[in-house]
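Close look at the chain arrangement
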Number of protein chains: 2
Amino acid sequence: MKIVETVEQVRAEVAKARKGGNKIGFVPTMGYLHEGHASLIRRAKEENEFVVVSIFVNPTQFGVGEDFETYPRDLARDSDIAEQAGANVIFHPTVKEMYPSEYKTYIEVEDITAKLCGTSRPGHFRGVTTIVSKLFHMVKADRAYFGQKDAQQVAVIQQMVRDLNMDIEIIPCAIVREADGLAMSSRNTYLSPAERKAALILSQSLFQSEEMIKNGELDARKLRNWIKEKIQCEPLAKIDYVEIVNGVNLEEIEEIKGDVLIALAVKIGKTRLIDNIRLEV
Amino acid sequence: MKIVETVEQVRAEVAKARKGGNKIGFVPTMGYLHEGHASLIRRAKEENEFVVVSIFVNPTQFGVGEDFETYPRDLARDSDIAEQAGANVIFHPTVKEMYPSEYKTYIEVEDITAKLCGTSRPGHFRGVTTIVSKLFHMVKADRAYFGQKDAQQVAVIQQMVRDLNMDIEIIPCAIVREADGLAMSSRNTYLSPAERKAALILSQSLFQSEEMIKNGELDARKLRNWIKEKIQCEPLAKIDYVEIVNGVNLEEIEEIKGDVLIALAVKIGKTRLIDNIRLEV
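This is a predicted model, so every value here is computed, not measured.

The rules behind the values
- Residues numbered from 1 in each chain as written.
- Chains lettered and ligands numbered in written order.
- Predicted model: local features only at pLDDT ≥ 70, side-chain atom pairs only at ≥ 80, totals over all residues.
- Heavy atoms only, no water.
- Helix = DSSP H or I, 4+ residues; strand = E, 2+ residues; numbered from the N terminus.
- Buried < 20%, exposed > 50% of the residue type's maximum accessible area, 1.4 Å probe, protein only.
- Contact = heavy atoms within 4.5 Å.
- Lys, Arg positive; Asp, Glu negative; His and termini not counted.
- Charge placed at Lys NZ, Arg CZ, Asp CG, Glu CD.
- Pairing = 2+ DSSP bridges.
- Axes fitted to C-alpha atoms, helices over the stretch in contact; angles between N-to-C directions.
- Salt bridge = Lys/Arg side-chain N within 4 Å of Asp/Glu carboxyl O.
- Least-squares fit on C-alpha atoms with pLDDT ≥ 70 in both.
- Right-handed = clockwise from strand over helix to strand, strands pointing away.
- Core = buried A, V, L, I, M, F, W, Y, C linked by side-chain atoms within 4.5 Å.
- Buried area = accessible area lost by both parts, 1.4 Å probe.
- Polar contact = N/O pair within 3.5 Å; in protein donor to acceptor, adjacent residues only side chain to side chain.
- Nonpolar A, V, L, I, M, F, W, Y, C, P; charged D, E, K, R; others polar.

1. Observations regarding the overall build of chain A
When helices and strands are tallied, chain A shows ten helices and ten strands. Counting only C-alpha atoms, chain A reaches 55 × 40 × 40 Å along its principal axes. Expressed as a percentage of the 281 residues in chain A, the buried residues total 56%. In chain A, 72% of the contacts between residues at least 6 apart in sequence involve partners at least 24 apart. Side chains of chain A give 37 positive and 42 negative charges; the mean places of these two sets differ by 2 Å.

2. Re the sheet that holds strand β10 (residues 271–280) of chain B
Residue and element names in this part refer to chain B. The strand order across the open sheet built from three strands is β8-β9-β10, with neighbouring strands paired in antiparallel fashion. Looking at the sheet topology across the chains shown, the edges are occupied by β8 (237–246) and β10. Taken pair by pair, the neighbouring strands of this sheet meet at an average axis angle of 10 degrees, ignoring direction. The pairing of strand β9 (residues 259–268) with β10 spans ten bridges and is antiparallel.

3. What to know about the pattern of salt bridges
Enumeration over the complete set of coordinates arrives at 42 salt bridges over all chains. Between B:D111 and A:K104 there is a salt bridge, with its nearest N and O atoms 2.8 Å apart. Residue B:D111 is located in the loop between β5 (105–109) and α5 (117–120), and its partner A:K104 is located in the loop between α4 (95–98) and β5 (105–109); the two belong to separate chains. Between B:E13 and B:K2 there is a salt bridge; the shortest N-O distance is 2.9 Å.

4. Some points on the relation of the copies chain B and chain A
Applying a rotation about an axis and a shift along it to one chain copy brings it onto the other copy. If you rotate chain B by 180 degrees and push it 0.0 Å along the axis, it lands on chain A with an RMSD of 0.0 Å. Such a combination of rotation and displacement between the chain copies is what one expects of a two-fold axis. Of the C-alpha atoms belonging to chain B, the one lying closest to the rotation axis is found on B:I107, 2.3 Å away. In this assembly the copies share their binding face: 100% of the residues contributing to the interface of chain B also contribute to that of chain A.

5. Considerations on the pairing of strand β7 (residues 169–173) of chain A
Residue and element names in this part refer to chain A. One ladder, built from five bridges, connects strand β6 (residues 143–147) with β7; its direction is parallel. Bridging from a neighbouring strand, F146 pairs with P172 of β7. For the crossover that starts at β6, traverses helix α7 (residues 151–163) and ends in the parallel β7, the hand is right-handed.

6. Some points on the nonpolar core
By size, the foremost hydrophobic cluster in this structure holds 100 residues, and its most contacted members are A:V52, A:F91, A:F136, B:V52, B:F91 and B:F136. Among residues more than four places away in sequence, those in contact with A:F136 are A:F26, A:A144, A:F146, A:I157, A:V161, A:M166, A:I168 and A:I170.

7. As for the interface of chain B and chain A
For an interface, size is often stated in terms of accessible area lost upon the parts coming together. If you look at the interface, chain B gives 28 residues, while chain A gives 28 residues. The largest per-residue losses of area from chain B upon contact with chain A belong to B:K104, B:L164 and B:N165, which jointly make up 27% of the total buried on that side. At the junction of chain B and chain A, the tally comes to six salt bridges. For B:K140, the salt bridge is made with A:D167, and the minimal N-O distance between the two is 2.5 Å. Across the contact surface, chain B and chain A share 25 residue pairs in polar contact (both at pLDDT 80 or more). Elements that contribute at least two residues to the side of chain B that touches chain A include exactly α1 (7–19), β5, α6 (124–139) and α7 (151–163) of chain B. A total of six residues in the side of chain B that touches chain A trace back to one element, the largest contributor, which is α6(B). When the residues that make up the side of chain B that touches chain A are grouped by side-chain class, the tally is ten nonpolar, seven polar and eleven charged. As paired strands, β5(A) and β5(B) are joined by five bridges and run antiparallel to one another. Among the inter-strand pairings, A:V109 is bridged to a residue of β5(B), identified as B:T105.

Here you go:
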């Protein structure tokens, strides 16, 4: 496995791999890889001969006062995980390589970026779509793999790819969880032991919601209130949002029917965590 | 030469052409082709084995009250001109093919889109970059050809391609003029005989500016005022802007030195015309 830092180098590696007629899989990440990322890389390697993993903490998707500076970084550890999972190349550019001075271009997906995480993180998805589009143009992969934990991110990227006619297949992959249910996230590392326990309130309320739906609860407002009340019982938790929406256009629904996404963002202490379930009802 | 209307068809034509290892040239247009467009197509054909010409009057780059509805259209005539110039495929999609319902994504190039034409046509360049990016993703050409008459458009597209790491070469091509100097434009067809004569004020003031620079005039403010006064002497002309800027970042300059762009937008009657000269001083 090779680690490269420039656009020119990653282009050259992909061009070489392409020559044999190989398919290219791409896994964009912000690094500090965990089993969730590893599962994306393994899946990419199953479905493509050559896999590129990007590791880049993208400044344009962090807001003022967010954790860009402190976001965990560990390239040596990431290299081991990526290589074991089957990556052929890690692309690890500098901020200057991605955003030279005189940089001026941004991609905006309207409407669905304003909901859910968009409310408390204005500009976040603009940063995501911009960097993902840049990476897509560099790597020119056949398929790109994204974790369903960032459900809104997946919906936004699928919308961008569809709208801008990008020639790449987006593969959303299931959330990977710790044994006790907590969705894996690089930000879990911020949690104290007490917070780590309190964080289970996210997955537990989602799992119980799923049970309630299976038992016939189809009123989205009632279910949403129930989730909110449950989370509010956890003293370390502070709700950012609890939303029950259509899984494609993220519009609020009244009746739990069709493609349903239940998405949460909750602060546990100072750490903002997200989790969701998506189900066909 | 083939005329196709869907994204799928144009992709298929290009994929077929690619198989022989051919290079693809692309000329995006709004149709109503004139000798300026023909010169782009001929150049594309000289430098690539296979040439795609798109003809699409793009609604998102027209503002309220502009001429989207009345913009001249004549596919039969355009087909003849494109075929004679060497086009292999015309891509002529419907508005619905390009902007299906639920369309939400736009590309914004900041700063340089706010100057010159951006002042009187807010949103225009957002429409241009969005449609051009969509077309680039569909056609996946090696090179795309743009007329230097739309100097700001060329600068904006070059900025977008650079910023988003698009793998395509942008080839700006010299302005093609009528025998008397008027820059060719599909909108010249709007001019009455008297207006057609009055329209010469644009090119004449540019040509004379070039002479004045050659004779040692290096004060941009003085030259700009001279151009304005000259144009104001033409009763049918109403200045939108006269700007003397750097040719790459479109920033106003005080001294005429380096890469200089003198750009004009002038209304002749109801028709807004643009023209420019770019020179190395």
